[in-house]
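Residues per chain, in single letters:
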Amino acid sequence: MNARTRRARPRAPVVLEDVAKRAGVSTASVSRVINSPGKVSMALRARVEGAIKELGYIPDGAAQALASRRSRIVGAIVPTLDNAIFAAGINALQRRLRQLGYTLLIACSEYDLAEELNEAQALMQRGVEGLMLVGEAHVPELYELLDSKGIPMVTCWVYRDSSEHSCIGFDNRLAAVGVTDYLLDLGHRDIAMVAGRTANNDRASARVDGVRDALASKGLSLPPERLVEQPYGIREGREALRVLLRGRNAPTAVICGNDVLAYGVLLECQACGIAVPGELSITGFDDLSLSAHLQPPLTTVHVPSAEMGLLAAEHLVACLAGQTGVIHKEVETSLVVRRTTAPPRLNRAFARDTDSKLDRA
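Residues numbered from 1 in each chain as written. Predicted model: local features only at pLDDT ≥ 70, side-chain atom pairs only at ≥ 80, totals over all residues. Heavy atoms only, no water.

S.K.: Just to check I follow, could you spell out the environment of Cys 272 for this structure?
M.R.: Within the secondary structure, Cys 272 sits in helix H11 (residues 259-272). Given the relative accessible area of 5%, Cys 272 is considered buried. Sequence spacing of Cys 272 and Arg 242 is 30 residues, and the spatial spacing of their C-alpha atoms is 9.7 Å. (Helix = DSSP H or I, 4+ residues; strand = E, 2+ residues; numbered from the N terminus. Buried < 20%, exposed > 50% of the residue type's maximum accessible area, 1.4 Å probe, protein only.)

S.K.: I tried to follow the layout of surface pockets on my own but got confused; where do I start?
M.R.: If a probe the size of a water molecule is rolled over the atoms, the empty space left behind becomes visible. If you add up the space inside the second largest pocket, you get close to 330 Å³. Taken together, 14 residues make up the lining of the second largest pocket; nearest its centre are Lys 39, Arg 72, Leu 100, Val 317 and Ala 321. Classifying every residue of the lining of the second largest pocket gives seven nonpolar, four polar and three charged. (1 Å grid on protein atoms, 1.4 Å probe; cavity = no way out; pocket = protein on both sides within 12 Å on 5 of 7 lines; lining within 4 Å. Points joined across faces, edges and corners; volume = space filled by probe spheres on them. Nonpolar A, V, L, I, M, F, W, Y, C, P; charged D, E, K, R; others polar.)

S.K.: Looking at this structure, how should I read the sheet that holds strand S2 (residues 103-108)?
M.R.: Pairing between the strands of a sheet comes from backbone hydrogen bonds, and it takes one of two forms, parallel or antiparallel. A sheet is described by the order of its strands in space; here six strands give the open sequence S2-S1-S3-S4-S5-S11, paired in parallel fashion. Single-partner strands in this sheet number two, and they are S2 and strand S11 (328-330). Ignoring strand direction, the axes of neighbouring strands in this sheet form an average angle of 20°. For strand S3 (residues 130-134) and strand S4 (residues 153-156), the ladder comprises four bridges, and the chain directions are parallel. Residue pairing in the sheet places Leu 131 in a bridge with Met 153 of S4. Where helix H5 (residues 84-99) meets the sheet, it contacts strand S1 (73-78), S2 and S3, and its direction lies at approximately 160° from that of S2. With respect to the sheet, helix H12 (residues 305-320) is in contact with S1, S3, S4, strand S5 (166-169) and S11, its orientation differing from that of S4 by roughly 165°. (Pairing = 2+ DSSP bridges. Axes fitted to C-alpha atoms, helices over the stretch in contact; angles between N-to-C directions. Contact = heavy atoms within 4.5 Å.)

S.K.: What's the story with the pattern of salt bridges in this structure? I'm lost.
M.R.: A pair can form between side chains of opposite charge whenever their charged atoms are brought close. According to the stated counting rule, one finds 11 salt bridges in the structure shown. The residue Glu 49 makes a salt bridge to Arg 45 at a minimum N-O spacing of 3.0 Å. Of this pair, Glu 49 and Arg 45 both sit in helix H3 (residues 42-55), four residues apart, which is roughly one turn of the helix. Residue class for Arg 45 comes out partly exposed when judged on its relative accessible area of 21%. The partner of Glu 136 in a salt bridge is Arg 160, with the nearest N and O atoms 2.9 Å apart. In this pair, Glu 136 is assigned in the loop between S3 and helix H7 (140-149) and Arg 160 in the loop between S4 and S5, connecting sequence segments 24 residues apart. The network of salt bridges with common partners includes Arg 238, Arg 242 and Glu 268. (Salt bridge = Lys/Arg side-chain N within 4 Å of Asp/Glu carboxyl O.)

S.K.: How should the side chain of Arg 226 be read in this particular structure?
M.R.: Turning to its location among the elements, Arg 226 is positioned in the loop between helix H9 (202-216) and strand S7 (227-230). The buried category is assigned to Arg 226, whose relative accessible area is 11%. Looking at Arg 226, its side chain comes within polar contact range of the main-chain oxygen of Asn 249, at 3.1 Å. Not counting the four nearest positions on each side in its chain, Arg 226 is found in contact with Asp 190, Ile 191, Ala 192, Met 193, Leu 244, Asn 249, Ala 250 and Pro 251. (Polar contact = N/O pair within 3.5 Å; in protein donor to acceptor, adjacent residues only side chain to side chain.)

S.K.: How should the packing of helix H1 (residues 16-23) against helix H2 (residues 27-35) be read in this particular structure?
M.R.: Think of two packed helices as two axes; the pair is described by the angle between the axes and how far apart they sit. The geometry of H1 relative to H2 is characterised by a closest axis approach of 8 Å and an angle of 100° between their N-to-C directions. Between H1 and H2, the interaxial angle falls into the category roughly perpendicular. Counted together, Leu 16, Glu 17, Val 19 and Ala 20 of H1 and Thr 27, Val 30, Ser 31 and Ile 34 of H2 form the full contact between these two elements. Across the contact of H1 with H2, the residue classes break down as five nonpolar, two polar and one charged. (Parallel < 35°, antiparallel > 145°, perpendicular 65-115°, else oblique.)

S.K.: Can you walk me through the packing of aromatic side chains in this structure?
M.R.: Think of a pair of aromatic rings as described by two things: how far the centres are apart, and how the planes are tilted against each other in angle. The final tally for this structure, using the stated rule, is three aromatic pairs. Consider the rings of Tyr 111 and Tyr 232, whose centres lie 6.2 Å apart with planes at 55°: the pair is tilted. On the criterion of sequence distance, the pair formed by Tyr 111 in the loop between S2 and helix H6 (113-125) and Tyr 232 in the loop between S7 and helix H10 (234-245) is long-range, its members being 121 residues apart. On the basis of relative accessible area, Tyr 111 is assigned to the partly exposed category, the value being 24%. Among the residues examined, Tyr 232 registers a relative accessible area of 25% and is labelled partly exposed. When the ring centre of Tyr 102 is taken as reference, the NZ or CZ atom of Arg 72 above it lies at 4.4 Å. (Phe/Tyr/Trp six-rings, centres within 6.5 Å; stacked < 30°, edge-to-face > 60°. Lys NZ or Arg CZ within 6 Å of the ring centre and 35° of its normal.)

S.K.: Teacher, can you tell me more about unusual backbone geometry here?
M.R.: Excluding glycine, a negative phi dihedral is what most residues carry, and trans is how most peptide bonds are arranged. The omega torsion of the bond from Val 276 to Pro 277 falls at 10°, within 30 degrees of zero and hence cis. If you trace the backbone, Pro 277 turns up in the loop between H11 and strand S9 (281-283). Residues Gln 295 and Pro 296 are joined by a peptide bond in cis, for which omega reads 0°. Take Pro 296: it is sitting in the loop between S9 and strand S10 (300-302). Backbone geometry at Tyr 111 places phi at a positive 60°, although glycine is not the residue there. One non-glycine residue with positive phi stands out, namely Trp 157, at about 70°.

S.K.: How should the state of the cysteines be read in this particular structure?
M.R.: Note on terminology: a disulfide is the covalent bond linking the sulfur atoms of two cysteines. All told, the structure shown has zero disulfides when counted by the stated rule. Cys 167 takes part in no disulfide bond, and the closest cysteine sulfur, belonging to Cys 156, lies 8.9 Å away. Since its relative accessible area comes to 0%, Cys 167 is described here as buried. (Disulfide = S-S within 2.5 Å.)

S.K.: Is there a simple way to think about a negative patch on the surface in this case?
M.R.: On the surface, a cluster of negative charge is contributed by Glu 141, Glu 144, Asp 147 and Glu 164. One can find Glu 141 in helix H7. (Patch = residues over 30% accessible without salt bridge, like charges linked within 9 Å, V, L, I, M, F, W, Y side chains within 5 Å. Areas by Shrake-Rupley, 256 points an atom, 1.4 Å probe, with all protein chains shown as cover. Lys, Arg positive; Asp, Glu negative; His and termini not counted. Charge placed at Lys NZ, Arg CZ, Asp CG, Glu CD.)

Shown next, in the form of structure tokens:
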């Protein structure tokens, strides 16, 4: 066998004792750094983590779980990662869990409650000790399964102080009331909404309810022809605006259930030659990073997704340590006023010209 075909000998695996020797500490100290990093000094943690990195040591998770009966794994199920608002929350959740010595496993339900239950079962089979969910709309079997296994859970993106489950989020209805009141104060009365699908989505439903309630307080309504439900997507937002503008009376403002739908509405306006906000005001919901950089920048509701992810991580870890029970934590949303909204121009030419603009697009 020549040098070209000779296989390199496999290196002996790095073990806990190797790390302890390199760091100049006991194996017990190395174990504490790995399993309870928050309970050791920064100096010791730095020495041990430096040795781990230098040697390329990978702890044997299966052995640790067997010895301690703990997996130190937390799960999260979100509707989708296509929406950056969920991605931001998951990023914060994972970062904080890592700091606390936990690993995150993620699954997506695609807004399908049966699929969510399947994903939860799969995560439990992999040993998750806690679970973060989005919203409160879940099949009863999921709650029953978590209770039977003693797995703590927290719901995010919703807040209800009477909930029997831990929740970290905000009142979607009140946030929608706020953005509607803002448009009403500007003088808008012909208001339409492009909402996300409300089936299996309590956040989208609550936002529609908020718009209805705010309009009703002024003696107005949201009739069926002024409400279009669409999956969250740019193309769907464009299609929704075309539907709205085919109605008998063109709206002067469109409230969108999230920023992505608002992007589609804005792009369709630009394609049709509809001035924003001169002829049509547009609002979003989420305040994604792109929203501040559009032309014109989008008026929207800021949602603190990273804060929810961080708080969810800390709550679940505290539950696993036996330090807390059910909590109800409300985070603040805020209306970010930019340049897609303005008082309505009572310009009948806009309504008359709508069909011709759409035909030319």
